[in-house]
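The chain contents come next:
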Amino acid sequence: MNILIKNANVIDSCQNFFGDVYIENGKIKEVGIDISKSGVETIDANGLTLMPAFVDTHAHFRDPGLTYKEDLETGSRSALRGGYTGVCLMGNTSPICSTKEVLNYVKEKEEKLNLIDIHQCVTITKNFDGKTISHLEEFKNDSRVRAISDDGVGVSDSRVMMEAMKIAKENDWIVMSHAESGEFSDIDMRLAENMMTWRDITLAKVTEAKLHMAHVSTKEAMQYIIDGKCKGVQVTCEVTPHHIALTNDVSNYRVNPPIREREDVDFLIKAISHGDVDCIGTDHAPHTYEDKKKGSPGMVGLETAFPICYTKLVKGGVISINKLSEMMSRNPANILKMNKGNISIGLDGDVVLIDPNKKIVINSEEFHSKGKNTPFEGMEFYGEVVMTIKGGRVLYKK
Ligand SMILES: [Zn+2]
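Given the structure is predicted, the values throughout are model-derived calculations rather than measurements.

1. Topic: the side chain of Asn171
Item 1. As for its placement among the helices and strands, Asn171 is situated in helix H3 (residues 158-171).
Item 2. Polar side-chain contacts of Asn171 include one of 2.8 Å to the backbone oxygen of Ile167.
Item 3. Not counting chain neighbours up to four residues away, the residues in contact with Asn171 comprise Lys140 and Asn141.

This is the structure:
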């Protein structure tokens, strides 16, 4: 698909200029000023901000099996409304994604929908049993697999995690860690996160595997990651919008890991300002009203991530919008080996138009996700996603 976007404030991880972007056959073809094309669909951005579309390292679309909460189509539409064209889905579906059948199902549906790019994680242990990793053999040489994760549970057995990391290293997969030592979950969720974060970084150092720490929420866990990076461990990390926007003195919304203390949030934000945090991961976790009432942890996140992060981090003076673009587009795309994340010639023509000064009020009724579970209902933020373009096709328009 061909499309010319004119008069935009073009911003990515390393540039910031007023001009035009031309997308041809789904790829970025020209970037500059005063580009003109005849007979091509043209959009006048009228001074709006054009950024590379966002990529989420961590989301749950509940498909197969739990589609009363979300499905691949509603999840994809929710992503597009939030400015995302790439997501990494966790494997805690029903059945769990430990087999080729489930992976094939997701990838075939993704292709049929033709909305966003989906990476589906395969689980580290078969059906989350905590010990069996022989199923990973089946995915060797399957280029669709780039990351494995037992998200939602975590791998308690250290020896199993070490063996899984060795296999991941052989296949150039990333191990995405949900850091929660199960033996501490019922008494101390801080200890549960800290212990497993330290362990996984230690194991990644020994095995030289690539490790990605999901939804980092405590100051101790973040410090272990900073120390690991300093020592050359191949560890990346994500923080969620809710773990930097909420503190447990004002919100007790149920999510795992929990909303933390103010000093944890301050530490995470300091780590972001120092460049120690690689990505924003939404941990988009849709639930029905009834399931939420029964105590299911998590919240939807794709449609609120940009305004929250933009308001908190850019308007709040913590980082530049270029750095936010790096954390929401370039770094996640690199981790997931997606050909996108910057406004550069040859990359996917996936861009988003943003009105950064527009004040918005979060209203879950407007979500395209089936999940309306958000603690941000009624809150005001800046930055509205006006349009999302995927491969040169306008797939979301306000
Ligand atoms: Zn998790």
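2. Structural notes on the pairing of strand E16 (residues 393-397)
Item 1. Bridge count for strand E15 (residues 380-390) against E16 is four bridges, and the pairing is antiparallel. Residue pairing for E16: Thr388 is matched across the bridge by Tyr396.
Item 2. Between E15 and E16, which pair antiparallel one after the other, the connecting turn spans two residues, and Gly391 there sits at a positive phi close to 55°.

3. Considering the UniProt feature "binding site: substrate" (unreviewed entry) in the protein chain
Item 1. Within this numbering scheme, the UniProt entry marks His60, Phe61, Arg62, Asn92, Asn256, His287, Pro297 and Gly298 as carrying the feature "binding site: substrate" (unreviewed entry).
Item 2. Counting through the fold element by element, His60 comes out in the loop between strand E6 (54-59) and helix H1 (72-81).
Item 3. Owing to a relative accessible area of 5%, His60 belongs among the buried residues under this scheme.
Item 4. Sequence-distant contacts of His60, that is, excluding residues within four places in its chain, are made with Leu89, Met90, Asn92, Asp151, Asp283, His284, Ala285 and Pro286.
Item 5. In terms of polar contacts, His60 uses its side chain to reach the side chain of Asp151, at 3.2 Å.
Item 6. As for its position among the elements, Arg62 is in the loop between E6 and H1.

4. Some remarks on the coordination of the zinc ion
Item 1. Taken together, Asp151 (OD), His178 (ND1) and His215 (NE2) make up the protein donors of the zinc ion, found 1.9 to 2.2 Å from the metal.
Item 2. The sequence pattern describing where the donors of the zinc ion fall on their chain is D-x26-H-x36-H. Taken together, the positions of Asp151 in the loop between strand E9 (147-149) and H3 and His215 in the loop between strand E11 (210-213) and helix H6 (219-230) put the pair 64 residues apart, joining distant regions of the chain.
Item 3. Taking the relative accessible area as the measure of exposure, His215 reaches 2% and is therefore buried.

5. Things to note about the packing of H6 against helix H8 (residues 262-273)
Item 1. At a closest axis distance of 9 Å, the pairing of H6 and H8 adopts a crossing angle of 25°. One way to sum up the angle between H6 and H8 is to call them roughly parallel. The segment H6 lies against H8, with Lys219, Glu220, Met222, Gln223 and Ile226 engaging Glu263, Asp264, Phe267, Leu268 and Ala271.
Item 2. Residues belonging to the contact of H6 with H8 are distributed by class as follows: five nonpolar, one polar and four charged.

What counts, and at which threshold
Residues numbered from 1 in each chain as written. Predicted model: local features only at pLDDT ≥ 70, side-chain atom pairs only at ≥ 80, totals over all residues. Heavy atoms only, no water. Helix = DSSP H or I, 4+ residues; strand = E, 2+ residues; numbered from the N terminus. Polar contact = N/O pair within 3.5 Å; in protein donor to acceptor, adjacent residues only side chain to side chain. Contact = heavy atoms within 4.5 Å. Pairing = 2+ DSSP bridges. UniProt positions renumbered as here; feature names shortened; annotations may be inferred. Buried < 20%, exposed > 50% of the residue type's maximum accessible area, 1.4 Å probe, protein only. Donors = N, O, S within 2.8 Å, 3.2 Å for Na, K, Ca; no water. Axes fitted to C-alpha atoms, helices over the stretch in contact; angles between N-to-C directions. Parallel < 35°, antiparallel > 145°, perpendicular 65-115°, else oblique. Nonpolar A, V, L, I, M, F, W, Y, C, P; charged D, E, K, R; others polar.

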